[in-house]
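Next come the chains, spelled out residue by residue.
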Amino acid sequence: MSGQSGLSQRELQIARSYAGGDTYQTIADRLCIAPSTVRTHLATIYRKLEVSSKHELATHLNGEVPQTRSPSEMAAVVSELALSLEEAISREKALSEVLRIISAAQGDLEAVMPLILTYALELCDAEFGILFEYHQDSRFLANHAVGIPTPFKAWLDDQGVFAVSPETGLGRMDELRKVINIIDVKSEAVYQTDDPLRYATADLGGARSFVAIPMLAGDHLVGAFTIYRQTVRPFSDDTTRLAQMFAAQSVIALENARMIRAIQAAHS
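Residues numbered from 1 in each chain as written. Predicted model: local features only at pLDDT ≥ 70, side-chain atom pairs only at ≥ 80, totals over all residues. Heavy atoms only, no water.

*Asks:* Mind showing me how you'd approach unusual backbone geometry here?
*Replies:* Generally, phi is negative for residues other than glycine and the peptide bonds are trans, each holding for most cases. One non-glycine residue, Asp137, lies in the positive phi region at around 55°. On the accessibility criterion, Asp137 (63% relative accessible area) is exposed. (Buried < 20%, exposed > 50% of the residue type's maximum accessible area, 1.4 Å probe, protein only.)

Structure follows, in structure tokens:
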């Protein structure tokens, strides 16, 4: 035992790393364990040390006496950590399943992309999602969609490959090559300009909160992974990071399909 209120050496290592600012993923990578296992250890650590936050954990590890918690308060903390653990396990299972599907699909994007979007919508609590293919010069094609309202889908189908203005979410994502998180698509000035994409997104799709994530293969932009909520419910940083993981899986699927087509062409 470590002497820190009965923590094991592994628990103490995780506690110090987490209190020092490391994320679950960073700790998991360093120790060669799953992020959900890190969460399980932290739940035990919090219970043993009777702390309820990262700040209190750091305070305890520095030898200071934390605020005393009642049994009911500690039970609430442990319950919250258990819920977070369940959510983490669900995410890991979904991502593992997506990777399995990508591997088994043999480059069949029509089979893979809807499943990736479906998992993303479920775990990110969003109503619909679109995967846009990038065609240079701020032009995009809506290649795959799940849950999209029929009027918005019809509009995108009619457009084919279309150019976006720099004020739109896709336009800003193209220029900056970073995640664009819009709290309310109707509150931005571009909505008042009758921009066709913003009109279609808000009025035909009923979208309010929106995230556009660049799909990058190295430094090359290959598309945009977008998810939408139809009420004003901004996407949190945690949710956005989760969506980025799904965007990364989409890039893997696209690259897989490209390599398979190249191999098939070489042997034809």
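*Asks:* How should empty space enclosed by the protein be read in this particular structure?
*Replies:* Where empty space is left becomes clear once a probe the size of a water molecule has been rolled over the atoms. Within the structure shown, the criterion is met by two cavities of 30 Å³ or more. Of the volumes computed, that of the largest cavity is approximately 80 Å³. As for the largest cavity, its lining consists of Phe132, Thr168, Gly169, Leu170, Val185, Leu197, Arg198, Thr201, Phe210 and Tyr228. Elements represented by at least two residues in the lining of the largest cavity include exactly α8 (169-176) and α9 (196-204). Ranked by residues supplied to the lining of the largest cavity, first place goes to α9 with three residues. (1 Å grid on protein atoms, 1.4 Å probe; cavity = no way out; pocket = protein on both sides within 12 Å on 5 of 7 lines; lining within 4 Å. Points joined across faces, edges and corners; volume = space filled by probe spheres on them. Helix = DSSP H or I, 4+ residues; strand = E, 2+ residues; numbered from the N terminus.)

*Asks:* Just to check I follow, could you spell out the sheet that holds strand β6 (residues 220-229) for this structure?
*Replies:* Within a sheet, each strand pairs with its neighbour through backbone hydrogen bonds, oriented either parallel or antiparallel. What the six strands build is an open sheet, ordered β3-β2-β1-β6-β5-β4; its pairing is antiparallel. The open sheet has two edge strands, β3 (162-163) and β4 (180-182), and neither has a second partner. Bridging between strand β2 (residues 139-146) and β3 involves two bridges; their strand directions are antiparallel. Across the sheet, residue Phe140 finds its bridge partner in β3, namely Phe162. (Pairing = 2+ DSSP bridges.)

*Asks:* Looking at this model, I keep getting lost on the pairing of β2. Mind explaining?
*Replies:* Residues in a regular strand project their side chains so that they alternate between the two faces of the sheet. Strand direction decides the pairing type here: strand β1 (residues 128-134) and β2, joined by six bridges, are antiparallel. Bridging from a neighbouring strand, Phe132 pairs with Ala142 of β2. Between β1 and the antiparallel strand that follows it, β2, lie four residues; Gln136 among them carries a positive phi value of about 70°.

*Asks:* I'm lost on the pattern of salt bridges in this one. Help?
*Replies:* Oppositely charged side chains are able to pair whenever their charged atoms sit close together. If you walk through the whole model with that rule in mind, you get nine salt bridges. Taking the shortest distance from any N to any O, the salt bridge between Arg172 and Glu188 comes out at 3.0 Å. Taken together, the residues Arg172 in helix α8 and Glu188 in the loop between β4 and α9 connect sequence positions 16 residues apart. Of the residues examined, Arg172 reaches a relative accessible area of 22% and is grouped as partly exposed. One network of salt bridges, with partners in common, ties together Asp125, Glu127 and Arg233. (Salt bridge = Lys/Arg side-chain N within 4 Å of Asp/Glu carboxyl O.)

*Asks:* How should the side chain of Thr226 be read in this particular structure?
*Replies:* As for its placement among the helices and strands, Thr226 is situated in strand β6. Only 2.7 Å separates the side chain of Thr226 from the backbone oxygen of Ile130, close enough to count as a polar contact. Here Tyr228 takes part through its side chain, which lies 3.1 Å from a polar atom of the side chain of Thr226. Here Thr226 is in contact with Phe128, Gly129, Ile130, Phe132, Leu170, Phe210, Val211 and Ala212, once residues within four sequence places are set aside. (Polar contact = N/O pair within 3.5 Å; in protein donor to acceptor, adjacent residues only side chain to side chain. Contact = heavy atoms within 4.5 Å.)

*Asks:* Explain the environment of Met113 to me, please; I cannot follow it from the model alone.
*Replies:* For Met113, the position within the fold is in helix α6 (residues 109-124). What makes Met113 buried here is its relative accessible area of 0%. For Met113 and Leu254, which are 141 residues apart along the polypeptide, the C-alpha to C-alpha distance reads 9.1 Å. Once you skip the residues sitting within four places of it in the chain, Met113 turns out to touch Leu131, His144, Ser250, Ala253 and Leu254.

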